[in-house]
Amino acid sequence: MSTPPHPWWKSATVYQIYPASFLDANGDGTGDLAGIIAKLDYLKDLGVDVIWLSPIYRSPLADMGYDISDYEDIDSRYGTLEDWDRLLEGAHTRGMKLMMDLVVNHTSDEHAWFTASKSSKNDPRRDWYIWRPGKVVDGEELPPNNWKSVFQGSAWERDPATGEYYLHLYVSKQPDLNWDNPVVRSAVWDVMRFWVRRGCDGFRMDVINIISKTDGLPDAPLVDNTQYYQPASMYFANGPQVHRYIKQMHTEVLSHHDLITVGETPFTHEASELAAYVLPQNRELNMVFHFELMDIDSPSESPLLRKPWTLSELKAIVGRWQRFMRDDGFWNAVFIENHDHARSVSRFGNDSAQWRAISAKMLAIFEITQTGTLYVYQGQELGLKNFPRTWGIEEYNDVASQNYWNLIKEQRQKAQGKEDVEMSDLLDSFALKARDHARTPMQWNASAHGGFTTGTPWMRVNDDYPEWNAERQIGDEMSVHAFWKRALKVRKAHDVLIYGDFVMLLEAHEQVFAYTRNYGSTSALVLLNFKQGKAEVDLREAIGGVTGYAFVLGNYENEGIGLEEKVTLRDYEGRVYVREALLN
């Protein structure tokens, strides 16, 4: 009996575009759809199968487009619906697909739905959002509960027109929709149908695990004594009705089409919680983005701060998810960069001049040798790095950076009783961890602003663009770009790297991450030196002999390196070997 073919999205390479920073075709300083269309051949040549666009809908841009004022129109900064149609046609003609970012936990406060909702307590759309009266404590009116916004301060905003508060888990210009209202859910299904009818091939679903809030919206427990408002994800993440609602989405929309779906699921490391969204028998989503690996260097106070991480921690996380419920059909989303995280070569590699390219290539091997659908973020294929520590706070445009900076500054001013307080330690952290690093414009060539725009860029381009750019790398076989292109071909040529099992080797080694993948009669061996300095490994006991393994990919030179039982890996070296069945 033959096994059914794998769904197309399992072997796909998805490339995430942050449209504002990709390419500006009209010189206004903001990237646009015409810019993306101009680079479709670049993406196809790299090996991209699916393009995922971060939000391009009409928006006041309070949170870079994750605050949507019209789901069925394109923001004029990016172009028109007709431009989107041209982009779709260009992608499809080249054999690529296009997925949209579905942001339906909240809208913009400028959306017509919310304008109606806040106009009167009697408006038919009043309960499309989550409204509550304040509570009076010791004669003072306070918000309905003590929930803290993800972006600091209260998660509630008082509206003077009706004297009630609306819930916004993110910024106050992002009111949360009331998913408990079936009319709201129907409106969301209509939005999805609009884009699918237009030709969209799938959805990345923003914070989809927080659409259902705990009944009664109880106060969060006190864990942070420095402020009244407390983190409350235990009352809104993976809430009581979330699976019922996503199953309904599957029944109403997803099951009628062959789409790629990935849900963003923050605030959740518990494997069984995440499995419920993905296991095929549950009929919900293809996969989720969870953040256990991306949170490895984040203390509980804030992802904008850094804590040290160890290779053993990283191995444990990756190993657990690579093996997780494999026989039940769980499927991973493999990523190490996106628009919400600093650059991977700066976080997990070494972005010094000597080791930047080598360590970026090692991280590429780490990515392409894991089970799951592979996600590459714009500029990752070039080894783009964080911007320098010398940049001041004025260069950090992100609302998360600005709000956290202001919160800490106010706390210090209050504690020290003076205006001028020392903040350099926070800038040290931001230089390592801020989301802003992923949002600097793409570096296309050595011309002004890296060829991103002929105008003034909405965000400063990283200083290294004259020597570190796509044009320079495309002609260089030793570049990070050339390596990613080669690595993606190697992944596609070897099913074992996509579908094989995962067996950790040398688990206690503090410098080398090594594993085998086995699929049918094929085996792959992956060796990754995550640190500066040589590392010696003895494979004799680990894999029972090295006969038959052929070199397929390495980040030092292109020619093959034979495999001995004792291997010395150079600084940040990565190698992949594949062995077909040993025949008697």
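Source: prediction; values computed, not measured.

Q: Account for the UniProt feature "domain: Glycosyl hydrolase family 13 catalytic" (unreviewed entry) in the protein chain, naming residues and giving values.
A: As annotated by UniProt and renumbered to match this structure, "domain: Glycosyl hydrolase family 13 catalytic" (unreviewed entry) occupies residues 16-439. As annotated, residues 16-439 has a helix share of 30% and a strand share of 13%, and its two end C-alpha atoms lie 12 Å apart.

Q: Got a sec to walk through the packing of aromatic side chains? Specific residues and values, please.
A: The full count for this structure, using the stated rule, is 43 aromatic pairs. Plain terms: the ring middles of Trp131 and Tyr166 are 5.5 Å apart, the flat faces sit at 70 degrees to each other, and that makes the pair edge-to-face. Remark: Tyr166 occurs in strand S10 (residues 164-167) and Trp131 occurs in strand S6 (residues 131-132); sequence separation between them is 35 residues. Each member of the pair, Trp131 as well as Tyr166, carries the same accessibility label: buried. Between Trp331 and Tyr499 the ring centres are 6.0 Å apart and the planes differ by 35 degrees, which places this aromatic pair in the tilted class.

Q: Talk me through the pairing of strand S5 (residues 97-102); I want residue IDs and the actual numbers.
A: Within S5, 5 of the 6 residues are buried, leaving the element largely enclosed by the surrounding structure. Pairing geometry for S5 and strand S11 (residues 202-205), over 3 bridges, is parallel. Among the inter-strand pairings, Asp101 is bridged to a residue of S11, identified as Arg204.

Q: Requested: an account of the pattern of salt bridges, with residues and values cited.
A: Considering all chains together, one arrives at 40 salt bridges under this definition. Its salt-bridge partner being Arg460, residue Glu395 comes within 3.1 Å of it at the nearest N-O pair. Placement of the pair is Glu395 in the loop between strand S15 (373-377) and helix H11 (399-416) and Arg460 in the loop between helix H12 (424-433) and helix H13 (470-474), with a sequence separation of 65 residues. A relative accessible area of 19% places Glu395 in the buried class. Taken together, the shared-partner salt bridges in this structure form one network comprising Asp63, Asp340, Asp398, Arg435 and Arg439.

Q: Outline the packing of H11 against H12, supporting the account with residue identities and numerical values.
A: Running from N to C, H11 and H12 cross one another at 160 degrees; their axes reach a closest spacing of 11 Å. As far as their axial angle goes, H12 and H11 are roughly antiparallel. Handedness of the crossing formed by H11 with H12: right-handed. Judged by residue contacts, Ser401, Tyr404, Trp405, Ile408 and Arg412 of H11 engage Asp425, Leu426, Leu427 and Phe430 from H12. Among the residues forming the contact of H11 with H12, the class breakdown is 6 nonpolar, 1 polar and 2 charged.

Q: How would you explain the sheet that holds S6 if you had to name every residue and give the values?
A: Read across the sheet, 3 strands follow the order S6-S10-S9 without closing on themselves; strand pairing throughout is antiparallel. Where the open sheet ends on each side, the last strands, each with one partner, are S6 and strand S9 (156-159). With 2 bridges joining them, S6 and S10 adopt antiparallel strand pairing. Its bridge partner being in S10, Arg132 is matched across the sheet by Tyr165.

Q: I'd like a rundown of helix H10 (residues 356-368), residues and numbers included.
A: Taking 1.5 Å per residue as the helical rise, H10 with its 13 residues ought to reach 18 Å, and the 18 Å between its terminal C-alpha atoms agrees with that figure. Buried residues dominate H10, accounting for 12 of its 13 residues. Here H10 has its buried residues at Arg356, Ile358, Ser359, Ala360, Lys361, Met362, Leu363, Ala364, Ile365, Phe366, Glu367 and Ile368.

Q: Explain helix H3 (residues 81-93) to me, and be specific about the residues and the numbers.
A: When the terminal C-alpha atoms of H3 are compared, their 18 Å separation across 13 residues agrees well with the 18 Å that a helix rising 1.5 Å per residue should span. Along H3, the residues classified as buried are Leu81, Asp83, Trp84, Leu87, Leu88, Gly90 and Ala91. Tucked into the core, H3 has its buried residues touching helix H1 (33-38), helix H2 (40-46), strand S2 (50-53), strand S4 (70-74), S5 and helix H5 (182-198). Immediately beyond the C-terminal end of H3, within one or two residues, lies Gly95, with a positive phi of roughly 80 degrees.

Q: Could you give an account of the nonpolar core, naming the residues involved and the relevant values?
A: If you look at the biggest cluster of nonpolar residues, it comprises 125 residues, and the most contacted ones within it are Leu53, Trp84, Trp195, Leu314 and Phe366. Residue contributions to this core peak at 9 residues, all from H5. Beyond its immediate stretch of four places on either side in the chain, Trp195 contacts Tyr57, Tyr71, Glu72, Ile74, Leu81, Trp84, Met100, Cys200 and Phe203. Counting residues in each nonpolar core, the second largest holds 19 residues, with Trp147, Phe151, Val207 and Val399 among its members.

Q: Account for the sheet that holds strand S17 (residues 512-519), naming residues and giving values.
A: Note: strands within a sheet are paired through backbone hydrogen bonds, in either parallel or antiparallel orientation. An order of S16-S17-S18-S22-S20 is seen for the 5 strands of this open sheet, with the pairing classed as antiparallel. What marks the edges here is a single partner per strand, and that holds for strand S16 (503-505) and strand S20 (550-554). Ignoring strand direction, the axes of neighbouring strands in this sheet form an average angle of 20 degrees. Against the sheet, H10 engages S17, strand S18 (522-529), S20 and strand S22 (574-579), with an angle of about 145 degrees to S18.

Thresholds, definitions, all that
Residues numbered from 1 in each chain as written. Predicted model: local features only at pLDDT ≥ 70, side-chain atom pairs only at ≥ 80, totals over all residues. Heavy atoms only, no water. UniProt positions renumbered as here; feature names shortened; annotations may be inferred. Helix = DSSP H or I, 4+ residues; strand = E, 2+ residues; numbered from the N terminus. Phe/Tyr/Trp six-rings, centres within 6.5 Å; stacked < 30°, edge-to-face > 60°. Buried < 20%, exposed > 50% of the residue type's maximum accessible area, 1.4 Å probe, protein only. Pairing = 2+ DSSP bridges. Salt bridge = Lys/Arg side-chain N within 4 Å of Asp/Glu carboxyl O. Axes fitted to C-alpha atoms, helices over the stretch in contact; angles between N-to-C directions. Parallel < 35°, antiparallel > 145°, perpendicular 65-115°, else oblique. Left-handed = near helix turned anticlockwise from the far one by under 90°. Contact = heavy atoms within 4.5 Å. Nonpolar A, V, L, I, M, F, W, Y, C, P; charged D, E, K, R; others polar. Expected span 1.5 Å × (residues − 1). Core = buried A, V, L, I, M, F, W, Y, C linked by side-chain atoms within 4.5 Å.

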